[in-house]
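Coordinate inspection notes
Residue strings, one per chain:
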Amino acid sequence: MDRSLRNVLVVSLGFLLLFTAYGGLQNLQGRTAVSTRPLDEEAESRAGALIRVPRFALCGWRRGLQPRTPAREACGWWPRGPGGDTGPLTRVVLFPQSSLYSEAGLGVAALSTLYCGMLLSSMFLPPVLIQKLGCKWTIVTSMCCYVAFSLGNFYASWYTLVPTSILLGLGAAPLWSAQGTYLTIMGNAHAEKAGKAGKDVVNQYFGIFFLIFQSSGVWGNLISSLVFGQTPTHGAVPEEQLLSCGASDCLMATASSNSSSRPSQELIYTLLGIYTGSGVLAVLLTALLLEPVKGARRTREGKERAPRVWSALLSTFKLFRDKRLRLLVLLPLYSGFEQAFLAGDYTRSYTTCALGIQYVGYVMICFAAVNALCSLLYGKLAAHTGRTALFALGAITHLSCIIALLLWRPHPSQLAVFFVFSGLWGVADAVWQTQNNALYGVLFEDNKEAAFANYRLWEALGFVVAFGYSTFLCVSVKLYILLGVLSLAMVAYGVVECLESRKLAWPLAVRQTKPEEEGEAQTKM
């Protein structure tokens, strides 16, 4: 086996093991159950403390009741029927059904600190760590941050989970920046030896990586589905509930009839042990089998020229001087938006609302499997079609899905449609994951570390913004936001491709005019 390909496989398998564990933890933490029963004041207070959303987002009303008014909503009571009798307001409340966290607000705090740490890390850490440690040991060190997060979940409290979430956030950006830099260096080195175009080999390597990496979603969600599907209570979803599913959901979607019982504490510790062991195995595999690469630092006249630490810290921001990067930031931003929509809104407002929480894992398995297969396919197709055609495929696919999701009214009788949408979402997401990374590696080859740090910065910002507005915007509004950001991102990408085509055409025109000028000079002589 070729040395470069072997290293790509080692990195890919390491990420597969690491994110099978991390994805499984996220699934155990992120499940959400919804209740439509009348709440007493204590239960309502507990729900509000957990979710931290405005009162109007917690309150709903049954079809056929008199319309609510601000006064009735404020007091929580209104007449039930023609007789004028009053009763407690029927609430629609989101309860985080966490299998790991028992303290109120802990899951939200952990997620918030994780993304804050990732944003700060993306701004400063990747170029410095890659410069000092190299790509290999940056990956190994960052993986240890993920293992620490797994260990923190054995005793989930404010004193263990918040610090390990910050640590994970700080390690996430260097991990992905080093991965992108490593694959780009390996691809260019192999292309030089084999006499191939560098961008084609880099595309192929990213395709192989995401084929293996995205399959972690299959295994993680399979474990999650088996856990949450142990003792489900299956019941018919009422028609009045289905009216609030899909694009019309404004945090009123319910799923009380399809909930799952909490796994036993012994099973939780067993799963945490498996996840932690998987993470440790990823660290050992990468540390022992992955070869370090030369070329992470730029060279001049055959000698390594390591920039100063302060210069490396600011390199992420200095790269913004490049017009192409300023135009391309919308691509990773949209990537964060669309991934957050699928994992949060589609699973809750479409799948959980109409089918039940036990189907979420299987829908995400479909997404991950299609994503993995398409990643490998795109890595090979890019050499024949070019990246522009693949970007167009991704944009058209997501555009069609967004419009269809705005019009579709999910119903349990349409089971196959739920999987069709998740599969199509995976078809497009594979474009963003493979081609965005390859594009950054090819366009900013001399500043790979800073380029990939910028990529992770804007992708993390997309997650943070989507996470921020997810608690108070209707699903239809979120879909329109996706539509707008996607359109702007494609226009900006088109401008970058035009700039690149002109840059490539200019040297060719110069080479063609030089022989003509020389011929004219010889004729005159």
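Bear in mind the structure is a predicted one, so any value in this text is a computation, not a measurement.

Rules used in this analysis
Residues numbered from 1 in each chain as written. Predicted model: local features only at pLDDT ≥ 70, side-chain atom pairs only at ≥ 80, totals over all residues. Heavy atoms only, no water. pLDDT = per-residue confidence, 0-100. Contact = heavy atoms within 4.5 Å. Helix = DSSP H or I, 4+ residues; strand = E, 2+ residues; numbered from the N terminus. Core = buried A, V, L, I, M, F, W, Y, C linked by side-chain atoms within 4.5 Å. Buried < 20%, exposed > 50% of the residue type's maximum accessible area, 1.4 Å probe, protein only. Salt bridge = Lys/Arg side-chain N within 4 Å of Asp/Glu carboxyl O. Expected span 1.5 Å × (residues − 1). Bend = angle between axes of the 7 residues up to and from the residue. Axes fitted to C-alpha atoms, helices over the stretch in contact; angles between N-to-C directions. Parallel < 35°, antiparallel > 145°, perpendicular 65-115°, else oblique. Left-handed = near helix turned anticlockwise from the far one by under 90°. Nonpolar A, V, L, I, M, F, W, Y, C, P; charged D, E, K, R; others polar. Polar contact = N/O pair within 3.5 Å; in protein donor to acceptor, adjacent residues only side chain to side chain. Disulfide = S-S within 2.5 Å.

With 71% of its residues at a pLDDT of 70 or more, the protein shows a mean pLDDT of 78. The model gives residues 32-99 a pLDDT under 50, and that stretch makes 131 contacts with residues more than four places away or in other chains. Across residues 297-304 the pLDDT falls below 50, and counting only partners more than four positions away or on other chains, this stretch makes 9 contacts in the model.

Below, the discussion takes up the environment of Ile 403. Following the sequence through the fold, Ile 403 ends up in helix α15 (residues 387-407). Expressed as a C-alpha distance, the spacing of Ile 403 and Leu 483, which sit 80 residues apart in the sequence, is 8.5 Å.

By size, the foremost hydrophobic cluster in this structure holds 119 residues, and its most contacted members are Phe 15, Tyr 350 and Leu 479. Residues within four places of Tyr 350 in sequence aside, it is in contact with Gly 246, Ala 247, Phe 341, Asp 345, Leu 355, Leu 405, Trp 408, Pro 410, Phe 418, Val 475 and Leu 479.

Below, the discussion takes up the pattern of salt bridges. This structure, assessed with the given rule, holds 10 salt bridges. Across the pair Glu 500 and Lys 503 runs a salt bridge, and its minimum N-O distance is 3.6 Å. On the criterion of helical spacing, the pair formed by Glu 500 and Lys 503 is a turn pair, its members being 3 residues apart in helix α18 (residues 475-524). Classification of Glu 500 as buried rests on a relative accessible area of 12%.

Its 26 residues give helix α14 (residues 360-385) an end-to-end C-alpha distance of 35 Å, which sits within 8% of 38 Å, the value for a rise of 1.5 Å per residue. Of all bends in α14, the biggest is about 30°, found at Gly 379. Phi turns positive one or two residues past the end of α14, at Gly 386, with a value near 85°.

As a further point, take the packing of helix α13 (residues 330-354) against α14. At a closest axis distance of 10 Å, the pairing of α13 and α14 adopts a crossing angle of 130°. Classified by the interaxial angle, the pair formed by α13 and α14 is oblique. You can see that α13 and α14 cross each other, and the crossing is right-handed. Here Leu 342, Tyr 346, Thr 347, Thr 351 and Thr 352 of α13 come into contact with α14, specifically with Val 360, Val 363, Met 364 and Phe 367. Split by residue class, the contact of α13 with α14 holds 6 nonpolar, 3 polar and no charged.

Note that Thr 434 resides in helix α16 (residues 415-443). Among the residues examined, Thr 434 registers a relative accessible area of 0% and is labelled buried. A distance of 2.7 Å separates a polar atom in the side chain of Thr 434 from the backbone oxygen of Ala 430. In this structure Thr 434 touches Asn 203, Phe 206, Gly 207, Phe 210, Ser 375 and Tyr 378, once residues within four positions along its chain are discounted.

Our next topic: the state of the cysteines. The final tally for this structure, using the stated rule, is 2 disulfides. Each disulfide pairs two cysteine sulfurs, and for Cys 245 the partner residue is Cys 353, the sulfurs being separated by 1.8 Å. The S-S bond linking Cys 245 to Cys 353 shows a torsion near -75°; that makes this disulfide left-handed. Here Cys 245 is found in the loop between α9 (239-242) and α10 (265-289), whereas its partner Cys 353 is found in helix α13, with 108 residues between them in sequence. Classification of Cys 245 as buried rests on a relative accessible area of 0%. Each sulfur of the disulfide joining Cys 250 and Cys 474 lies 1.8 Å from the other. Measuring the twist about the S-S bond at about 105°, one finds the Cys 250-Cys 474 disulfide to be right-handed.

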